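Secondary and tertiary structure notes
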Amino acid sequence: MTWVRILVGAVWLNGGIEKLLNPDFPREFAASLQAGGFISAAPAFFRVFMQNNVVPNAELVAQLVRAAELAMGLALILGLLTNLAALGSIALSVMILLSQGGVSLGTGLGSPQFLTINVVMAVLSLIILFSPAAKEASLDAGLSRRRPGLSPLLTNTAGRRRRR
């Protein structure tokens, strides 16, 4: 499970680094939103959210997405605040999924679009969130050994008190 956590982290870190290395990313993101990208295929409730909240603040949102991908990637790779990073990964995966129109089972001869990368990332992040094994080789594990009271929060395990 540690490898799954690191793999998911690497995917987010890769996306964040790509956005970081592209100085035009915020303007390109804003231009794409203005042209209807990430909005036209979204379900109605999400389209309204995007038009009212994201489009007017597109460059700020682009910076936040960039920072979130970098932070989640590093946190998952290092295993630091893993549960919080996994929750962020689920949320961002679902938001990206919704902006692309959600999932579909295909119609007629159309191929199913159920197992997209965003669905896979969300499911793997959910597994990481609830799996103590995903936190075994992590900074969270080290913190929970030093502070057993944090174990349920950091590693989903009961903390063991040290004998004195």
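Details of the structure are given in the entry above.
Now for a description of the structure that goes with this document. From a predicted model like this one, the values you see are computed outputs, not experimental measurements.

1. Some words on helix H3 (residues 44-54)
Among the residues making up H3, those that are buried are Phe46, Met50 and Val54. For H3, the arc enclosing every buried residue in end-on projection is 45 degrees, short of the 170-degree limit, so these residues lie on one face. Away from its buried face by more than 90 degrees, H3 exposes Phe45 and Asn52.

2. Details of the packing of aromatic side chains
Inspection of the entire model under this criterion finds three aromatic pairs. Ring geometry for Phe46 against Phe49: centres 5.6 Å apart, planes inclined by 35 degrees, an arrangement best described as tilted. Here Phe46 and its partner Phe49 are both found in helix H3, three residues apart, which amounts to about one turn of the helix. Judged by relative accessible area, Phe46 falls into the buried class, the value being 6%. Judged by relative accessible area, which is 33%, Phe49 ranks as partly exposed.

3. A word on the nonpolar core
Note that soluble globular proteins tend to have their nonpolar side chains buried in a common cluster. Among the nonpolar cores identified, the biggest contains 15 residues, and Phe29, Leu33, Met50 and Val54 are the most heavily contacted of them. When residues of this core are traced back to their parent elements, those giving at least two are helix H2 (25-34), H3 and helix H4 (58-78). Apart from residues no more than four positions distant in its own chain, Met50 is found in contact with Leu33, Phe38, Ile39, Val55, Pro56 and Ser99. In terms of nonpolar packing, the next biggest core, distinct from the first, is built from 13 residues, Trp12, Leu76, Ala85 and Leu92 among them.

4. Section: the pattern of salt bridges
Using the criterion set out here, one finds two salt bridges in the structure. Here Glu69 ties to Lys19 by a salt bridge, and the two come within 3.1 Å at their closest N and O atoms. With Glu69 in helix H4 and Lys19 in helix H1 (residues 2-21), this residue pair connects regions lying 50 residues apart in the sequence. Overall, Glu69 belongs to the buried group, its relative accessible area being 4%. Residue Asp24 is joined to Arg27 by a salt bridge in which the shortest nitrogen-to-oxygen separation is 2.3 Å.

5. Topic: a nonpolar patch on the surface
Among the surface-exposed residues, Leu74, Leu78, Leu80, Leu81, Leu84, Leu87, Leu139 and Leu143 lie close enough to one another that they form a single nonpolar patch of about 710 Å² accessible area. Listed by contribution, the elements that provide at least two residues to the nonpolar patch are H4, helix H5 (82-99) and helix H7 (139-146). Along the chain, the position of Leu80 falls in the loop between H4 and H5. With relative accessibility at 35%, the residue Leu80 sits in the partly exposed group.

6. Description of the side chain of Arg5
Within the element layout of this structure, Arg5 appears in helix H1. Discounting residues that sit within four places of it in the chain, Arg5 has contacts with Leu76, Ile77, Leu78, Gly79, Thr82, Ile128, Ala134, Lys135, Ala137 and Ser138.

7. Some words on H5
Helix length check: H5, at 18 residues, gives a terminal C-alpha distance of 25 Å against a target of 26 Å (1.5 Å per residue), a fit within 8%. Of the positions making up H5, those classed as buried are Thr82, Asn83, Ala85, Ala86, Ser89, Ile90, Leu92, Ser93, Leu97, Leu98 and Ser99. Turning to H5, the residues buried within the fold contact H1, H3, H4, helix H6 (117-130), H7 and helix H8 (151-154).

8. Quick look at the side chain of Asn83
Secondary-structure assignment places Asn83 in helix H5. Asn83 sits in the buried class, given a relative accessible area of 12%. Side chain to side chain, Asn83 and Lys135 meet in a polar contact 2.8 Å long. Beyond its immediate stretch of four places on either side in the chain, Asn83 contacts Ile128, Leu129, Lys135, Leu153, Leu154 and Asn156.

Calculation rules
Residues numbered from 1 in each chain as written. Predicted model: local features only at pLDDT ≥ 70, side-chain atom pairs only at ≥ 80, totals over all residues. Heavy atoms only, no water. Buried < 20%, exposed > 50% of the residue type's maximum accessible area, 1.4 Å probe, protein only. Helix = DSSP H or I, 4+ residues; strand = E, 2+ residues; numbered from the N terminus. Arc of directions from axis to C-beta. Phe/Tyr/Trp six-rings, centres within 6.5 Å; stacked < 30°, edge-to-face > 60°. Core = buried A, V, L, I, M, F, W, Y, C linked by side-chain atoms within 4.5 Å. Contact = heavy atoms within 4.5 Å. Salt bridge = Lys/Arg side-chain N within 4 Å of Asp/Glu carboxyl O. Patch = residues over 30% accessible without salt bridge, like charges linked within 9 Å, V, L, I, M, F, W, Y side chains within 5 Å. Areas by Shrake-Rupley, 256 points an atom, 1.4 Å probe, with all protein chains shown as cover. Expected span 1.5 Å × (residues − 1). Polar contact = N/O pair within 3.5 Å; in protein donor to acceptor, adjacent residues only side chain to side chain.

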